[in-house]
Amino acid sequence: MASILGSTVPVDINSRKTIFAIIFLAVIGPCVFIVQPGFVGDGLIGLLSFSESQAGDIAAAEMWGIALTTVLLIPLAGRVSWRVFTAISVLFCTAGNLASIGQTDFDTLRVLRFLTGLGSGGIISLTFTMMGLTARADRNFGFIIVWVLTYGGLGLLVMPWAFGTLGMNGVLMFFGLFCLSGLLFVRALPDSSQTNEETSKGNDDHYSGLLKSVSLLAILVYNIGIGIVWVFLFAVGVEDASMEPQAVAQALFVSQLMGIVGAFGAVFLEAKIGRFIPLMIGMFGGAAGIYLLLDGVSVSEFWYGVCIFNLLWNLSMPYLLGTMAEFESSGRMVVYGVAMQMVGLAVGPFIAARIVDKGGFDGVNMTAIGFFVVSALLIIPAALAQKKVAGLR
């Protein structure tokens, strides 16, 4: 066990080794979610013949597991060993993916994906919490998103081939082994007993509880919108745009590359121009991208829509998490923010599965646009307040 958890000597949280370990595990955490359109559209619907609403519910079950763990970690994050909890989470999502092999029963698979999500949620929550304590949080959140999207883009590109060649069992085996590899990096993580005075921002008294609550609500609403769009994006390309599965995979791959560009925007800009402008461009612009997916979407509109959506979603997310990190030096608001993010991504597919049978994909995407606009309005007070505080320094 000591070989996995490492020594009790505190690590330098800003070292390249520790940041690399956090990023690697942060990719493992959402390794199924980030390729969810292909997993749902090409796998659950295309290969296992689940209905659209059933596939949406299976995807939502995994996200509910992720959300539950992130919420439970709100009071526990400072009381449990981060390394131990991360190692347990890695084993949990490994076991869940491997146990899903060969399962075709709806109820059984939904339970197994929920259990997998419990482990994934622990990894996601703790890695983002750790990164929020680094000295350059906006930049480092951007790095996480860049590598998550790199994995996701390649995954979506090869997924039609993987399902056609390896089948669902082979894909699930990959997920399980990829998760298991995370144990190699646990020893390089900071532990909850470690304090990092260098990262203290000293802003804890500048912001009201109401402002923090409204900002958390903005993250929740925004990620509900993302979850609503994301779960059926592959199916929109195949059914509404009449594209072949591999053509949809290529479009989503390019959109992931655009997402990397968006995340790199946050890496290079950090907070140099503040957070207000990137957040407004990302959130309102993302709604405009989704609008292109409405009303008999053409192939070109699908390409433009998914690329704009992915570009701007991933530009805004590092700034949203950076907003949470700016509120408090303890990292507690990052834990809350990640919890709201995961709850939103769980609620999104659940809502989408309820809408799709009655309103089709247009109803799903119109609902998402509404969530994007509301979230943008909710985050404005925090962005302006932090800009004011920055001007006083």
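Conventions and cut-offs
Residues numbered from 1 in each chain as written. Predicted model: local features only at pLDDT ≥ 70, side-chain atom pairs only at ≥ 80, totals over all residues. Heavy atoms only, no water. Salt bridge = Lys/Arg side-chain N within 4 Å of Asp/Glu carboxyl O. Helix = DSSP H or I, 4+ residues; strand = E, 2+ residues; numbered from the N terminus. Buried < 20%, exposed > 50% of the residue type's maximum accessible area, 1.4 Å probe, protein only. Contact = heavy atoms within 4.5 Å. Polar contact = N/O pair within 3.5 Å; in protein donor to acceptor, adjacent residues only side chain to side chain. Phe/Tyr/Trp six-rings, centres within 6.5 Å; stacked < 30°, edge-to-face > 60°. Lys NZ or Arg CZ within 6 Å of the ring centre and 35° of its normal. pLDDT = per-residue confidence, 0-100. Axes fitted to C-alpha atoms, helices over the stretch in contact; angles between N-to-C directions. Left-handed = near helix turned anticlockwise from the far one by under 90°. Nonpolar A, V, L, I, M, F, W, Y, C, P; charged D, E, K, R; others polar.

Trainee: Is there a simple way to think about the pattern of salt bridges in this case?
Mentor: Pairing between side chains of opposite charge can happen when their charged atoms approach one another. Throughout the structure, instances matching the rule amount to 4 salt bridges. The closest approach of N and O atoms between R354 and D57, which form a salt bridge, is 3.1 Å. Of this pair, R354 sits in helix α14 (residues 332-392) while D57 is found in helix α4 (residues 52-76), placing the two residues 297 residues apart along the sequence. For D57, a relative accessible area of 14% puts it in the buried group. A salt bridge links R275 to E326, with the nearest nitrogen and oxygen atoms 3.8 Å apart. In this pair, R275 is assigned in the loop between α11 (245-269) and α12 (276-291) and E326 in helix α13 (residues 299-327), connecting sequence segments 51 residues apart. In this structure, R275 and E326 share a single accessibility class: buried.

Trainee: What exactly am I supposed to notice about the environment of S375 here?
Mentor: You can see S375 is positioned in helix α14. Residue classification places S375 among the buried positions, given a relative accessible area of 0%. Linking S375 and A241, residues 134 residues apart in sequence, is a C-alpha distance of 28 Å. Aside from chain neighbours lying at most four places away, what touches S375 is A218, V221, Y222 and M283. In terms of polar contacts, S375 uses its side chain to reach the backbone carbonyl oxygen of F372, at 2.7 Å.

Trainee: Where do I start with the packing of aromatic side chains in this structure?
Mentor: For any pair of aromatic rings, the description consists of the separation of the ring centres together with the inter-plane angle of the planes. Evaluated as defined, the whole model comprises 18 aromatic pairs. Ring geometry for F174 versus F178: centroids 5.7 Å apart, planes at 10 degrees, classification stacked. Of the two residues, F174 and F178 both sit in helix α8 (residues 167-180), 4 residues apart, roughly one turn of that helix. Accessibility expressed as a relative area gives 43% for F174, which makes it partly exposed. F178 sits in the buried class, given a relative accessible area of 16%. Three or more aromatic residues link up through ring pairs in this structure, and these residues are F20, F24, F39, Y151, F174, F175, F178 and F185. Above the plane of the ring of F350 lies R354, whose end atom (NZ or CZ) is 4.5 Å from the centre.

Trainee: I keep staring at the confidence of the model for the protein chain and nothing clicks. Help me out?
Mentor: As a note on interpretation, predicted positions should not be read in detail where pLDDT is low. Averaged over all residues, the pLDDT of the protein chain equals 87, while 93% of them reach at least 70. Within the protein chain, the lowest mean pLDDT, 73, falls on helix α1 (residues 2-5), and the highest, 96, falls on α8. Segment residues 195-202 is flagged for pLDDT under 50; beyond a separation of four residues in sequence, or across chains, it makes 15 contacts in the model.

Trainee: Got a minute to help me understand the packing of α4 against helix α6 (residues 106-132) in this structure?
Mentor: Any two packed helices are characterised by the angle at which their axes cross and by the distance between the axes. Two numbers describe how α4 lies on α6: the axes approach to 6 Å, and their chain directions differ by 35 degrees. Like other packed secondary-structure pairs, α4 and α6 cross with a definite hand, here right-handed. Here the residues of the contact of α4 with α6 sort into 12 nonpolar, 10 polar and 4 charged.

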